[in-house]
Amino acid sequence: MKGVPHREDREGMEREVSCARCDAICCRLTVVLDPEDQVPGHLTTRTERGLAVMARDEDGWCVAVDPLRMCCTIYGQRPAVCRKFSMGGPYCREIRATHHGQLRRGIPLTMY
Ligand code: SF4
Ligand code: SF4
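Parameters at a glance
- Within any chain, residue numbers begin from 1 and follow the written order of that chain's sequence.
- Following the order in which they are written, the chains are lettered starting with A and the ligands numbered starting with 1.
- Under the rules for a predicted model, residues below a pLDDT of 70 receive no local features and side-chain atom pairs below 80 are neither given nor counted, while totals for whole chains, interfaces and linings still include all residues.
- Water and hydrogen atoms were dropped before computing side-chain values, which therefore reflect all heavy atoms in the structure.
- The near set for a molecule or strand comprises every residue that places at least one heavy atom within 4 Å of it.
- When residues are grouped by polarity, Ala, Val, Leu, Ile, Met, Phe, Trp, Tyr, Cys and Pro land in nonpolar, Asp, Glu, Lys and Arg in charged, and all others, Gly among them, in polar.
- Think of it this way: any DSSP run of H or I at least four residues long counts as a helix, any run of E at least two long counts as a strand, and we number them from the N terminus.
- The cut-offs for exposure are 20% and 50% of the maximum accessible area for each residue type, with area from a 1.4 Å probe on protein chains only; residues under the lower value are buried, those over the upper are exposed, and the others partly exposed.
- In what follows, residue pairs with any heavy atoms lying within 4.5 Å of each other are defined as contacts.
- Stacked, tilted and edge-to-face pairs are distinguished by plane angle, under 30 degrees for stacked and over 60 for edge-to-face with tilted covering the rest, among Phe, Tyr and Trp rings (Trp via its six-membered ring) whose centres lie within 6.5 Å.
- Geometrically, a charge over a ring is one whose NZ (Lys) or CZ (Arg) sits within 6 Å of the ring centre while staying within 35 degrees of the ring normal.

The protein chain is annotated in an unreviewed UniProt entry as YkgJ family cysteine cluster protein of Luteimonas endophytica.

Shown next, in the form of structure tokens:
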């Protein structure tokens, strides 16, 4: 999930979307693993329906997120679906809009 900065129009103002100023909101989505993914097993789990997914912590973040820097600790080994997620793309903007104003571990999410 991470990538090149993207500019978007928002309420008539151009704002830049950047992973560097985002608390890894997309890393709260369910990440379904491909059989080819090389993610360490202790970071994964299975859903009730048997799908292999990234495990999440009690606050909903993927367990591969570094909680201090809010970045991926397995970036080089991240799942295929994470590689396809584009910063500033429709899904990125949707999840940012959905969680705008939500609190993270007592700290307001950084939304620009
Ligand atoms: S939601 Fe978008 S801006 Fe935030 S970390 Fe994910 S890809 Fe980057
Ligand atoms: S594997 Fe990395 S990029 Fe993918 S959801 Fe987890 S922390 Fe985010």
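Now that the structure has been shown, the text picks up again.
The full set of residues close to ligand 2 is C27, V31, M54, C62, A64, V65, C72, I74, P79 and C82. By residue class, the composition of the shell around ligand 2 is 10 nonpolar, no polar and no charged.

With that out of the way, let us pick up the environment of I95. Tracing the backbone through its elements, the reader meets I95 in helix α2 (residues 90-98). The exposure class of I95 is buried, given its relative accessible area of 11%. Measuring from C-alpha to C-alpha, the distance between I95 and R28 comes to 9.2 Å, with 67 residues separating the pair along the chain. Residue contacts for I95: discarding those within four places in its chain leaves I25, C26 and L29.

The next thing to look at is unusual backbone geometry. Even without a glycine there, the phi angle at A24 is positive, about 50°. Following the sequence through the fold, A24 ends up in the loop between β2 (13-17) and β3 (44-46). Classification of A24 by relative accessible area gives buried; the value is 7%. Of note in the backbone geometry, M70 takes a positive phi value of approximately 50° without being a glycine. Note that M70 resides in the loop between β5 (65-66) and β6 (71-72).

Further remarks concern the packing of aromatic side chains. Taken as a whole, this structure holds zero aromatic pairs when the rule is applied. Looking at R28, its charged tip hangs above the ring of W61, at a distance of 4.3 Å from the centre.

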